[in-house]
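These are the residues of each chain, in order.
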Amino acid sequence: MAQKDNTKTDQPQAGEGLGAFLLRNGYNIAQYKDEFIELNKKKLGKDNQLKLGVSYSFPKKKENIKYEPLLGKTEQNVKILSHELKGATFYLVSGHGGPDPGAMGKLRGNDLCEDEYAYDIILRLARQLLQRDANVHIIIQDPNDGIRDSEILKLDEDETCEGEAIPLDQIKRLRQRVDAINNHYKSEKKGYCRAIFIHLDSRSQDKRIDIFLYHYTKSVLGERLANRMRDKFEAKYKQHQPKRGFTGTVSERGLYVLKEAFPPCVFLELGNLQNELDQTRFTKVDNREAIAKWMAEAIVEDYTNKK
């Protein structure tokens, strides 16, 4: 017996464009538009217009997949591996961006720019959280970088704050990203929500530093997550580099973003971009992935023991 074809079909309504047609049938436009066009290319009119009275087939929905195009074409469909963070929401912010590259370093004649490495680690953290079924907002966005498996990440200036140009003025830049976080926060359920800011420091070349974490003075929840992250980093360093030791600390800071953002926040300085030994923490792909993974593991522990 022939297998029953369960392909979903529907006919467009009068005046309905492709995007509206997909949305009405429960399909994300960015995720399924190209596949829909390929599936129905013989039935579509000029410029892929829909025709009245024609039945169109829809692609099979990707089960247990979270879609995030900012991760790049090869990584945008994220398979949910667990539900450890189901119901949790995260606002992820990489430092600087747009006209401001942040701290600068040099490696074998190549420029190392804070915003590029902070952004790659943020994307890797986003993937780790999505794999655990979290709701994730990537606040600073680059339309074409995605996760990059290269030691040298090329500088560009096309980062935006959720599509809006990033101002060069520091106060305007910080206010813009805080406003983006707060606008999301106000419209979402007030369950477990955390904002995470990632930066790289710039100090003298001979100054090697560990990962430092900051929270706002009055934020008990921000302090708790910062301590869990610090403890996780220390445990992992002890496991993988037992002779090195770990001196990263957690402390209070009155930084604008920590003070003004509504959800509890953690602000991380991941090392000195000028120091040759610290540079391997950011330029080595496996190290960037490890940092993101360890942060996610600490977040899971914090979420699991949130009461």
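This one's a predicted model, so the numbers in the text were calculated from it and none came from an experiment. (Residues numbered from 1 in each chain as written. Predicted model: local features only at pLDDT ≥ 70, side-chain atom pairs only at ≥ 80, totals over all residues. Heavy atoms only, no water.)

**Observations concerning the packing of aromatic side chains**
Argument step 1. Per the stated rule, a full pass over the model turns up 16 aromatic pairs.
Argument step 2. A ring pair is formed by F21 and Y56, whose centres lie 6.2 Å apart and whose planes are at 75 degrees; its orientation type is edge-to-face. Here Y56 lies in strand β2 (residues 56–57) and F21 lies in helix α1 (residues 18–24), a separation of 35 residues in the sequence. For the pair F21 and Y56, a shared accessibility class is recorded, and that class is buried.
Argument step 3. An aromatic cluster of at least three residues, connected via ring pairs, comprises F21, Y27, Y32, F36, Y56 and F58.
Argument step 4. Over the ring of Y192 we find R194, and its NZ or CZ is 3.8 Å from the ring centre.
Argument step 5. Stacked on the ring of Y214, the Lys or Arg R253 has its end atom at 4.7 Å from the ring centre. (Phe/Tyr/Trp six-rings, centres within 6.5 Å; stacked < 30°, edge-to-face > 60°. Helix = DSSP H or I, 4+ residues; strand = E, 2+ residues; numbered from the N terminus. Buried < 20%, exposed > 50% of the residue type's maximum accessible area, 1.4 Å probe, protein only. Lys NZ or Arg CZ within 6 Å of the ring centre and 35° of its normal.)

**Re the pairing of strand β7 (residues 110–113)**
Argument step 1. Relative to β7, strand β6 (residues 104–107) runs antiparallel, the two sharing four bridges. Each residue of the ladder has a partner; that of M104, found in β7, is C113. (Pairing = 2+ DSSP bridges.)

**Here's the deal with the nonpolar core**
The nonpolar side chains of a soluble globular protein tend to be buried with one another.
Argument step 1. Among the nonpolar cores identified, the biggest contains 52 residues, and F90, L129, I196, M229, L268 and I299 are the most heavily contacted of them.
Argument step 2. Contributions of two or more residues to this core are made by β5 (89–94), α3 (114–131), β8 (135–138), β12 (193–201), α5 (220–240), β15 (265–272) and α8 (285–304).
Argument step 3. Membership of the second largest hydrophobic core comes to 23 residues, among which are V93, I139, I166 and V178. (Core = buried A, V, L, I, M, F, W, Y, C linked by side-chain atoms within 4.5 Å.)

**Regarding helix α7 (residues 276–283)**
Argument step 1. Three or more residues of α7 are buried, namely D278, Q279, R281, F282 and T283.
Argument step 2. Of the residues flanking the start of α7, the one acting as N-cap is N275, its side-chain oxygen 3.0 Å from the backbone nitrogen of L277. (Polar contact = N/O pair within 3.5 Å; in protein donor to acceptor, adjacent residues only side chain to side chain.)

**Structural notes on unusual backbone geometry**
Argument step 1. Non-glycine residue N48 carries a positive phi angle of around 60 degrees.
Argument step 2. Residue N48 is classed as partly exposed on the basis of its relative accessible area, which comes to 33%.

**Points about the sheet that holds strand β9 (residues 140–141)**
Argument step 1. Across the sheet, three strands lie side by side as β9-β10-β11; this open sheet has antiparallel pairing. Strands with a single pairing partner mark the edges of an open sheet, and in this sheet they are β9 and β11 (164–165).
Argument step 2. Where β9 meets strand β10 (residues 160–161), two bridges bridge the pair, whose relative direction is antiparallel. The residue of β10 that forms the bridge with I140 is C161.

**Regarding the pairing of strand β13 (residues 212–215)**
Regular strands place side chains that alternate from one sheet face to the opposite one.
Argument step 1. Judged by which residues are buried, β13 turns out to be covered on both faces: F212 and Y214 on one side and L213 and H215 on the other are all buried.
Argument step 2. Here β13 pairs with β15 via three bridges, running antiparallel. Looking at β15, one finds that L213 is bridged to L268.
Argument step 3. Inspection of the sheet shows β13 paired to strand β14 (residues 250–252) by three bridges, in the parallel sense. Note on β14: the bridge partner recorded for L213 is V250.
Argument step 4. With α5 bridging β13 and its parallel neighbour β14, the resulting β-α-β unit is right-handed. (Right-handed = clockwise from strand over helix to strand, strands pointing away.)

**Observations regarding helix α4 (residues 170–187)**
Argument step 1. In a regular helix each residue adds 1.5 Å, so 18 residues correspond to 26 Å; α4 covers 26 Å between its end C-alpha atoms and thus fits that length.
Argument step 2. When α4 is considered as a whole, its buried residues turn out to be R173, L174, Q176, R177, V178, A180, I181, N182, H184 and Y185. (Expected span 1.5 Å × (residues − 1).)

**Some words on the pattern of salt bridges**
Argument step 1. Enumeration according to the criterion identifies 30 salt bridges in this entry.
Argument step 2. Close ionic contact of D111 with K106 constitutes a salt bridge, the shortest N to O distance being 2.8 Å.
Argument step 3. Look at D111 and you get partly exposed, because its relative accessible area is 39%.
Argument step 4. Of the charged contacts, one joins R244 and D210 as a salt bridge, the two residues approaching to 2.7 Å between their closest N and O atoms. Of this pair, R244 sits in the loop between α5 and β14 while D210 sits in the loop between β12 and β13, and the two are 34 residues apart along the sequence.
Argument step 5. The partly exposed category is assigned to R244, whose relative accessible area is 25%.
Argument step 6. Exposure remark for D210: the relative accessible area of 4% places this residue in the buried category.
Argument step 7. What you see here is one network of salt bridges that share partners, running through E75, D120, R124, R127, D149, R288 and E289. (Salt bridge = Lys/Arg side-chain N within 4 Å of Asp/Glu carboxyl O.)

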